[in-house]
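# Geometric and topological summary
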Protein chains: 2
Amino acid sequence: MKHILSILVLLFVIGCTPVKENQEPTFGIVIHGGAGTILKENMSPEMEQAYREKLTEAVATGHAILKAGGTSQDAVEQTIHVMENSPLFNSGKGAVLTADESIALDASFMNGKTLDAGAIAGVKHIKNPISAAIMVMNNSPHVMLAGAGADQFAVEQGLDTVSESYFITEMRLDALKRVQEKEASQKLSLNALEEQYFKNQRIGTVGCVALDLQGNLAAGTSTGGMTNKKWDRIGDAPIIGAGTYANNASCGVSATGWGEFFIRSVVAHDIAALVEYKNLSIQEASKIVLQKVKDLGGDGGVVVLDTQGNVAMEFNTPGMYRAHMNALGELNVKIYENK
Amino acid sequence: MKHILSILVLLFVIGCTPVKENQEPTFGIVIHGGAGTILKENMSPEMEQAYREKLTEAVATGHAILKAGGTSQDAVEQTIHVMENSPLFNSGKGAVLTADESIALDASFMNGKTLDAGAIAGVKHIKNPISAAIMVMNNSPHVMLAGAGADQFAVEQGLDTVSESYFITEMRLDALKRVQEKEASQKLSLNALEEQYFKNQRIGTVGCVALDLQGNLAAGTSTGGMTNKKWDRIGDAPIIGAGTYANNASCGVSATGWGEFFIRSVVAHDIAALVEYKNLSIQEASKIVLQKVKDLGGDGGVVVLDTQGNVAMEFNTPGMYRAHMNALGELNVKIYENK
């Protein structure tokens, strides 16, 4: 009995020992594919399986790059490509549609070592918006480009461009029609299921944060924005500090949710500020900032990594598509609250 | 002698007494009209006089609103109108020109009590962009609109629109030509005077922070961006957290400077975070964040107010057009480092 107690005490002490500053190099990667009213009862087993497989493929893509000594930038870019190229997520192929059945894609990227950043908003022809954001960072004097100008920049840079029809899927056309019919009917009250449905049309984004073996964080976010959006609306995804932030001094963050509230709460930078200025853990900081978003009336989630390889996947919606792989290759893929 | 010493000690104690939480209602307003290489030797007495008069008119406009019990929102909006309507500043009339001799105006506004915010980027026909930003906040479900969509929204809202020619001045056409000639000549090295000149073409913005008698902060920023900008570049001015931020829990901030560095440093929110999380004064916080901008290679300035009516007007360029009026009506207008 005394022996067992000693072991328990030892395990407790080990569990409580803070990670040392001069630890062995580690690495890790975390992704999200959007947060929202994602409920098991509304999901077919085949659809759930498809999401789990694509999340696994995406996170494993970046993990392999990091394990081979690649940069967090490459890991973030290639991981997000997998999700942008899949119609399952609201980014790249399968992005939601604007009010005029068009496409307007946003993305941003930040390097946690140099604080270099790039972003594009409202592009219509760039196959992989995250790569355009990285090219803005690397090959222009600017951080953020928008609309036709951003598309033109991508063409000049030789990035893969496609016609708008490449991005458009039946599922998103149908969603746009339903949202517009609801708007036209001017029905003021919705039942709970409708409410859920329309709430989900506001959100959905993909994002990735990676830590490489050199100890450098990077974060990226890519989205089609909000169904039925008008007036060239820009959400939080392309805004450095709101949807994306990375700083080796604190953490890397990619957010997903009701963009307007995430802009007003400067979510990604506020999490980093609480970590750097108040010495909070990334979990504590994420919970506090998401509570601020909720207090304003919004919802969504974040994925966060710090330079010790700690991970946070926090959200205040019923579900968030998410996955994490640590340096040991341990995989954690979840959709609902607990699994 | 003992008597004098007692008085000195008393004055010292009064000077050191922290402002009480339950102080008398106060109010105040601070503005900037851009930071840059503004040197007395390059300025004619007439031009200097014109700037001082317009800064005074602008700050007095908002001060009168606040003194009469008006809101910080109204004070910020009407104060910025004065500067937008003047060709002296790079906002509204007199904005700098894009690479194709066009206009692309950005503005943002934030309410420190509700954390409501609105922004527009790249508009070409809205006479007073700050009012469009406020209308996005009040009359749309969005925070940020861009390009033609933002112009269309303003038209739908009945805001004053003008043709592009309204904004364009000889001075800015001339500046664009000089910048483009320099670019075409591909001269790699510039002499000190040229360097100053081209540096100044990157920057210049107007902004205002106000505190009303109800204790509410508001901040707004309006700009034409950067001379010769391409690809629908967006700077920090329309980005909540970068160019503009207001929160009664910390302070209100409007920034001006080399926008790319201000986005990467999330300047306005970082100042607010240092005030809220580290209990720094707005001066200390502003100095720290501007030093971060400088360390990255950028420059510029900020104006900041807190709910006690304290003011900061900090910059790391040779000059910044700026003015402040406190609740007593004391006016402080400066252009160069110390006057």
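The text that follows walks through the structure, step by step, so that each part is easy to find.

A few words on the pattern of salt bridges. Per the stated rule, a full pass over the model turns up 14 salt bridges over all chains. Salt-bridge contacts for Lys40(B) lead to Glu48(B); the nearest nitrogen and oxygen are separated by 2.9 Å. A relative accessible area of 41% means that Lys40(B) is categorised as partly exposed. In this structure, Lys54(B) and Glu57(B) form a salt bridge, with 3.0 Å as the shortest nitrogen-oxygen distance. Within this pair, Lys54(B) and its partner Glu57(B) are both found in helix α2 (residues 45–67), separated by 3 residues, close to a single helical turn. Residue classification places Lys54(B) among the partly exposed residues on the basis of a relative accessible area of 22%. When its relative accessible area of 38% is taken as the criterion, Glu57(B) is described as partly exposed. Sharing partners across several salt bridges, the network here consists of Lys40(A), Glu48(A) and Arg52(A).

Within a sheet, adjacent strands bond to each other through the backbone by hydrogen bonds, running parallel or antiparallel. Residues and elements named next belong to chain B. If you trace the 4 strands from one edge of the open sheet to the other, you get β8-β9-β10-β11, paired in antiparallel fashion. In this open sheet, the two edge strands, each paired with only one partner strand, are β8 (244–246) and β11 (311–315). If you compare each strand with its neighbour and ignore which way they point, the axes differ by 10° on average. Relative to β11, strand β10 (residues 300–305) runs antiparallel, the two being bridged by 5 bridges. Paired with Leu305 across the strands is Val311, a residue of β11. Set on the sheet, helix α10 (residues 267–278) makes contact with β8, β9 (252–257) and β10; between it and β8 the angle comes to about 30°. Against the sheet, helix α11 (residues 282–296) engages β10 and β11, with an angle of about 20° to β11.

Listed as interface residues are 41 residues of chain B and, on the opposing side, 41 residues of chain A. Between chain B and chain A, a total of about 3,500 Å² is buried, with carbon and sulfur atoms accounting for 65% of that surface. Looking at the side of chain B facing chain A, the largest losses of area belong to Trp231(B), Arg264(B) and Tyr277(B), adding up to 26% of the total buried there. Applying the counting criterion to the chain B and chain A interface returns 21 residue pairs in polar contact (both at pLDDT 80 or more). Examining the composition of the side of chain B that touches chain A, we find that 7 residues originate from one element, helix α5 (residues 147–156) of chain B, more than from any other. Taken together, the residues of the side of chain B that touches chain A break down into 23 nonpolar, 8 polar and 10 charged. In this sheet, strand β4 (residues 144–146) of chain B lies alongside strand β7 (residues 233–234) of chain A in antiparallel orientation, the contact comprising 2 bridges. Directly across from Arg233(A), in β4(B), lies its bridge partner Leu145(B).

With that settled, the discussion passes to the packing of aromatic side chains. Here the structure, examined in full by the defined rule, presents 12 aromatic pairs over all chains. Taking the centre distance of 6.3 Å and the plane angle of 85° together, the rings of Phe89(B) and Tyr321(B) count as edge-to-face. Pair noted here: Phe89(B) is in the loop between α3 (72–84) and β2 (105–111) and Tyr321(B) is in strand β12 (residues 319–326), with a separation of 232 residues, a long-range link. Pair check on accessibility: Phe89(B) and Tyr321(B) agree, each one buried. Connected via pairs of aromatic rings, a cluster forms that spans Tyr51(A), Phe89(A) and Tyr321(A). Positioned over the ring face of Tyr166(A) is Lys93(A), at 4.6 Å from the centre of the ring. A cation over a ring is seen here: Lys230(A) above Trp231(A), with NZ or CZ 6.0 Å from the ring centre.

Glancing now at the pairing of strand β10 (residues 300–305) of chain A. Residue and element names in this part refer to chain A. Within β10, 6 of the 6 residues are buried, which leaves it mostly tucked inside the rest of the structure. Alternating positions in β10 separate into two faces, Gly300, Val302 and Val304 on one and Gly301, Val303 and Leu305 on the other, with burial throughout. Both strand β9 (residues 252–257) and β10 contribute to a ladder of 6 bridges, which runs antiparallel. Bridge pairing links Gly252 to Leu305 in β10. Joining the antiparallel neighbours β10 and strand β11 (residues 311–315) is a turn of 5 residues, in which Gly309 adopts a positive phi near 85°.

With that out of the way, let us pick up the relation of the copies chain B and chain A. Of the transformation placing chain B onto chain A, the axial shift is 0.0 Å and the rotation is 180°, giving an RMSD of 0.0 Å. Here the copies are linked by what is in effect a two-fold axis. Taken as a fraction of all interface residues of chain B, those also at the interface in chain A reach 100%, which identifies the copy contact as same-surface.

Each disulfide is one covalent bond, formed between the sulfur atoms of two cysteines. Residue and element names in this part refer to chain A. The tally for this structure, following the rule as stated, stands at 0 disulfides over all chains. Free cysteine Cys208: the closest other cysteine sulfur is in Cys251, separated by 14 Å. Residue classification places Cys208 among the buried positions, given a relative accessible area of 0%. By relative accessible area, which is 0% here, Cys251 ends up buried.

Of note in the backbone geometry, Leu115(A) takes a positive phi value of approximately 60° without being a glycine. By the element assignment, Leu115(A) lies in the loop between β2 (105–111) and β3 (117–123). Judged by its relative accessible area of 16%, Leu115(A) falls in the buried class. One non-glycine residue, Asn279(B), adopts positive backbone phi at about 55°.

Analysis parameters
Residues numbered from 1 in each chain as written. Chains lettered and ligands numbered in written order. Predicted model: local features only at pLDDT ≥ 70, side-chain atom pairs only at ≥ 80, totals over all residues. Heavy atoms only, no water. Salt bridge = Lys/Arg side-chain N within 4 Å of Asp/Glu carboxyl O. Buried < 20%, exposed > 50% of the residue type's maximum accessible area, 1.4 Å probe, protein only. Helix = DSSP H or I, 4+ residues; strand = E, 2+ residues; numbered from the N terminus. Pairing = 2+ DSSP bridges. Axes fitted to C-alpha atoms, helices over the stretch in contact; angles between N-to-C directions. Contact = heavy atoms within 4.5 Å. Buried area = accessible area lost by both parts, 1.4 Å probe. Polar contact = N/O pair within 3.5 Å; in protein donor to acceptor, adjacent residues only side chain to side chain. Nonpolar A, V, L, I, M, F, W, Y, C, P; charged D, E, K, R; others polar. Phe/Tyr/Trp six-rings, centres within 6.5 Å; stacked < 30°, edge-to-face > 60°. Lys NZ or Arg CZ within 6 Å of the ring centre and 35° of its normal. Least-squares fit on C-alpha atoms with pLDDT ≥ 70 in both. Disulfide = S-S within 2.5 Å.

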